[in-house]
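Reading the structure
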Amino acid sequence: MKGPGDTGVTWSKPEQVKLSQVIEILNERFGTQFTFADQLFFDWVVEHAKSDEQVKKWAHANALDGFSLAMKSRLRDAIVDRMDQNEKIATRYLNEQDFESAAFGELVKRIYRELREQKRAGA
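Calculation rules
Residues numbered from 1 in each chain as written. Predicted model: local features only at pLDDT ≥ 70, side-chain atom pairs only at ≥ 80, totals over all residues. Heavy atoms only, no water. Salt bridge = Lys/Arg side-chain N within 4 Å of Asp/Glu carboxyl O. Helix = DSSP H or I, 4+ residues; strand = E, 2+ residues; numbered from the N terminus. Expected span 1.5 Å × (residues − 1). Buried < 20%, exposed > 50% of the residue type's maximum accessible area, 1.4 Å probe, protein only. Arc of directions from axis to C-beta.

The subject of this paragraph is the pattern of salt bridges. Using the criterion set out here, one finds 6 salt bridges in the structure. Glu 106 is the partner of Lys 109 in a salt bridge, and the nearest nitrogen-oxygen pair spans 3.4 Å. With Lys 109 and Glu 106 both in helix H5 (residues 97–121), this residue pair falls 3 residues apart, about one helical turn.

Written out as structure tokens, the structure reads:
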């Protein structure tokens, strides 16, 4: 007996889309102005889902259509979870002086360093 490709069944690799393309598609379709920073939100959602053992099982056991059905609520939950985490960080930054001071010091150093590096690189 020959392999699956020889019996008329063909397998194709799923199309891989960069997250920057996802942002572009959303911006074009919905008139939004999401940026690279917003892309990080989606990066987190993807990484969070990929680390979930149940999601891994669904991906390995289903075609894309079946996987999509299983993921509907899982992605919604991940997005809500990330929103909650972002709110907690923002609330602590705005309400706790020590937290704000520590975060501010680190953020300012990083922004300064990265902008100086960009200038040196000619960006």
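The rest of the description comes next.
Here helix H2 (residues 36–50) is 15 residues long and its end C-alpha atoms lie 21 Å apart, about the 21 Å a rise of 1.5 Å per residue gives. Buried within H2 are the following residues: Gln 39, Val 45 and Ala 49. The buried side chains of H2 occupy one side of the element, clustering within an arc of 115° when seen end-on. Of the residues in H2, the exposed ones pointing more than 90 degrees away from the buried face are Phe 36 and Ala 37.

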